[in-house]
Amino acid sequence: QVQLVESGGGLVQPGGSLRLSCAASGSIFGIYAMGWYRQAPGKQRELVGSINTGGSPNYADSVKGRFTISRDNAKNTVYLQMNTLKPEDTAVYYCNAALKVTIWTPQANYWGQGTQVTVSS
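Conventions adopted
- Residues numbered from 1 in each chain as written.
- Predicted model: local features only at pLDDT ≥ 70, side-chain atom pairs only at ≥ 80, totals over all residues.
- Heavy atoms only, no water.
- Core = buried A, V, L, I, M, F, W, Y, C linked by side-chain atoms within 4.5 Å.
- Buried < 20%, exposed > 50% of the residue type's maximum accessible area, 1.4 Å probe, protein only.
- Helix = DSSP H or I, 4+ residues; strand = E, 2+ residues; numbered from the N terminus.
- Contact = heavy atoms within 4.5 Å.
- Salt bridge = Lys/Arg side-chain N within 4 Å of Asp/Glu carboxyl O.
- Disulfide = S-S within 2.5 Å.
- Phe/Tyr/Trp six-rings, centres within 6.5 Å; stacked < 30°, edge-to-face > 60°.
- Lys NZ or Arg CZ within 6 Å of the ring centre and 35° of its normal.
- Pairing = 2+ DSSP bridges.
- Axes fitted to C-alpha atoms, helices over the stretch in contact; angles between N-to-C directions.

Student: Any chance you could explain the nonpolar core here in plain terms?
Tutor: The tendency in soluble globular proteins is for nonpolar side chains to be buried side by side. Formed by 28 residues in total, the largest nonpolar core has its most connected members in Trp 36, Phe 67, Val 78, Leu 80, Met 82 and Tyr 93. Among the elements of the structure, β3 (18-25), β4 (30-39), β5 (46-51), β7 (67-72), β8 (77-82), β9 (91-100) and β11 (115-119) are those that each provide at least two residues to this core. When residues of this core are assigned to their parent elements, the largest contribution, five residues, is made by β9. Filtering out sequence-adjacent residues up to four positions away, Tyr 93 remains in contact with Glu 6, Leu 20, Trp 36, Tyr 37, Arg 38, Val 48, Phe 67, Leu 80, Met 82, Gly 114, Thr 115 and Val 117.

Take a look at the structure:
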């Protein structure tokens with residue numbers, strides 16, 4: 001069974017930084033794209049950014065220049081470095097991974113349980 005476990009959320013003042021981590025574990029044949037989404041109260045879940053197996057990232061316009069996605073393929077882990085945080089970044093952040101559990105099974109999306117990020121003075 002595949003699990004994605006996030007860590008690193010918390011309360012931070014505006015202008016501060018946080019680093020989120022998400023580690024995938026279990027029976028995994030291969031992980032393809034990994035990414036981060038967020039959902040603020042009363043809003044739809046939105047893509048923050050993603051990164052492919054080659055390490056090429058893409059970001060939502062709202063976080064470009066402030067957030068950085070990276071991954072460690074050997075550890076099946078994706079990171080989200082968040083700098084210059086704003087109150088509007090407050091949300092539950094979810095990790096996502098597109099992966100295959102065996103060579104024969106189709107690629108599927110898996111989600112972490114979410115971690116709360118609150119930006120407030």
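Student: Sorry, what's going on with the pattern of salt bridges here?
Tutor: Side-chain pairs of opposite charge can arise whenever the charged atoms involved come near each other. Counted by the stated rule, this structure contains four salt bridges. Among the salt bridges present, the one from Arg 38 reaches Asp 89, with a minimum N-O distance of 2.9 Å. With Arg 38 in strand β4 and Asp 89 in the loop between β8 and β9, this pair connects stretches of sequence that are 51 residues apart. A salt bridge links Lys 64 to Asp 61, with the nearest nitrogen and oxygen atoms 3.1 Å apart. Through salt bridges with shared partners, a single ionic network connects Arg 38, Glu 46, Arg 66 and Asp 89.

Student: What should I look at first to understand the state of the cysteines in this one?
Tutor: Such a bond, covalent and formed between the sulfur atoms of two cysteines, is termed a disulfide. Scanning all chains against the criterion turns up one disulfide. The partner cysteine of Cys 22 in its disulfide is Cys 95, sulfur to sulfur 2.1 Å. Handedness of the Cys 22-Cys 95 disulfide follows from its S-S torsion of about -80°: it is left-handed. Here the residue Cys 22 occupies a position in strand β3, and Cys 95 occupies one in strand β9, the gap between them amounting to 73 residues. The residues Cys 22 and Cys 95 share a single accessibility class, namely buried.

Student: Is there a simple way to think about the packing of aromatic side chains in this case?
Tutor: Aromatic ring pairs are described here by two measures, namely the spacing of the ring centres and the angle between the planes. Tallied over the full model, the rule gives one aromatic pair. Taking 5.0 Å as the distance between ring centres and 65° as the angle between the ring planes, the aromatic pair formed by Tyr 37 and Trp 111 counts as edge-to-face. Of this pair, Tyr 37 sits in strand β4 while Trp 111 sits in strand β10 (residues 108-111), placing them 74 residues apart in sequence. Given the relative accessible area of 24%, Tyr 37 is considered partly exposed. In this structure, Arg 19 packs its charged tip against the face of Tyr 79, placed 4.1 Å from the ring centre.

Student: Could you clarify how one ought to interpret the pairing of β4 in this entry?
Tutor: For a regular strand, side chains alternate in direction, first toward one face of the sheet and then toward the other. Relative to β9, β4 runs antiparallel, the two being bridged by eight bridges. The partner of Gln 39 across the bridge, within β9, is Val 92. Relative to β5, β4 runs antiparallel, the two being bridged by five bridges. Its bridge partner lying in β5, Gly 35 is registered against Ser 50.

Student: Would you explain unusual backbone geometry in this entry?
Tutor: The phi torsion of most residues other than glycine is negative, and most of the peptide bonds are trans. With phi around 50°, Asn 76 is a residue other than glycine that occupies positive phi space. Of note, Asn 76 is situated in the loop between β7 and β8. Residue Asn 76 is classed as partly exposed on the basis of its relative accessible area of 26%.

Student: Can you help me understand the sheet that holds β3 in this one?
Tutor: Consider a sheet: its strands pair through backbone hydrogen bonds, and that pairing is either parallel or antiparallel. The strand order across the open sheet built from four strands is β1-β3-β8-β7, with neighbouring strands paired in antiparallel fashion. Pairing within the sheet leaves two strands with one partner each, and these edge strands are β1 (3-7) and β7. Across the sheet, the axes of successive neighbouring strands diverge by a mean angle of 15°, strand direction being ignored. Of the strand pairs in this sheet, β7 and β8 are connected by six bridges, and their pairing is antiparallel. By the bridge assignment, Arg 71 is partnered in β8 with Val 78.

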